[in-house]
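Observations on chain architecture
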Amino acid sequence: MKRTFRIPPILGILGFLGLLGIFYNPFFCIFFAFFSFFFWGLLGKEGSDERLEENISKAVSIAGRLALILCFLLLFSLDKKLPGESVVLWGSVAYAVIFTLAPALAYFLDKRG
């Protein structure tokens, strides 16, 4: 069975770079860079089976729904005349967290079930 990911690991790097532009503290950059690749590595060590593929699909579905909800919340926030800088700041952090922790959710679902 060929393993395919619907959220590629490159999105973990993009999440890391989003946090890198926001936080100039090296601790946050190192922390999220570590988690961007750690859970992809753990998933890569697992044997590819139907259960793992199903759990990855669930995690991708949950992360996609969260990203879609966040998109509408950001548009709603910008429409309500909130400061644009703070909306972009918190939106960037939220997207970075979603894309960084998506493989963590897949790993958690696989180990739980």
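Every value quoted in this text rests on a predicted model; they were computed, and no experiment measured them.

Attention now goes to helix 3 (residues 50–79). The end-to-end C-alpha distance of helix 3, which contains 30 residues, comes to 44 Å, matching closely the 44 Å that a straight helix rising 1.5 Å per residue would cover. Along helix 3, the residues that are buried comprise Leu-52, Glu-53, Asn-55, Ile-56, Ala-59, Val-60, Ala-63, Ala-67, Leu-70, Leu-74 and Ser-77. After helix 3 finishes, the residue Lys-81 shows a positive phi value of roughly 60 degrees.

So, about the nonpolar core. Counting residues in hydrophobic clusters, the biggest one holds twelve residues: Phe-39, Trp-40, Leu-42, Leu-43, Leu-52, Ile-56, Ala-59, Val-60, Ala-104, Ala-106, Tyr-107 and Leu-109. Secondary structure elements with two or more residues in this core: helix 2 (26–45), helix 3 and helix 4 (84–112). Here Ala-59 is in contact with Ala-102, Leu-105, Ala-106 and Leu-109, once residues within four sequence places are set aside.

Turning to its location among the elements, Ser-77 is positioned in helix 3. Here the side chain of Ser-77 touches Leu-73 through a polar contact of 2.8 Å, landing on its backbone oxygen. Excluding residues that lie within four positions of it along the chain, Ser-77 makes contacts with Leu-82 and Val-87.

Reading guide: rules and limits
- Residues numbered from 1 in each chain as written.
- Predicted model: local features only at pLDDT ≥ 70, side-chain atom pairs only at ≥ 80, totals over all residues.
- Heavy atoms only, no water.
- Helix = DSSP H or I, 4+ residues; strand = E, 2+ residues; numbered from the N terminus.
- Expected span 1.5 Å × (residues − 1).
- Buried < 20%, exposed > 50% of the residue type's maximum accessible area, 1.4 Å probe, protein only.
- Core = buried A, V, L, I, M, F, W, Y, C linked by side-chain atoms within 4.5 Å.
- Contact = heavy atoms within 4.5 Å.
- Polar contact = N/O pair within 3.5 Å; in protein donor to acceptor, adjacent residues only side chain to side chain.

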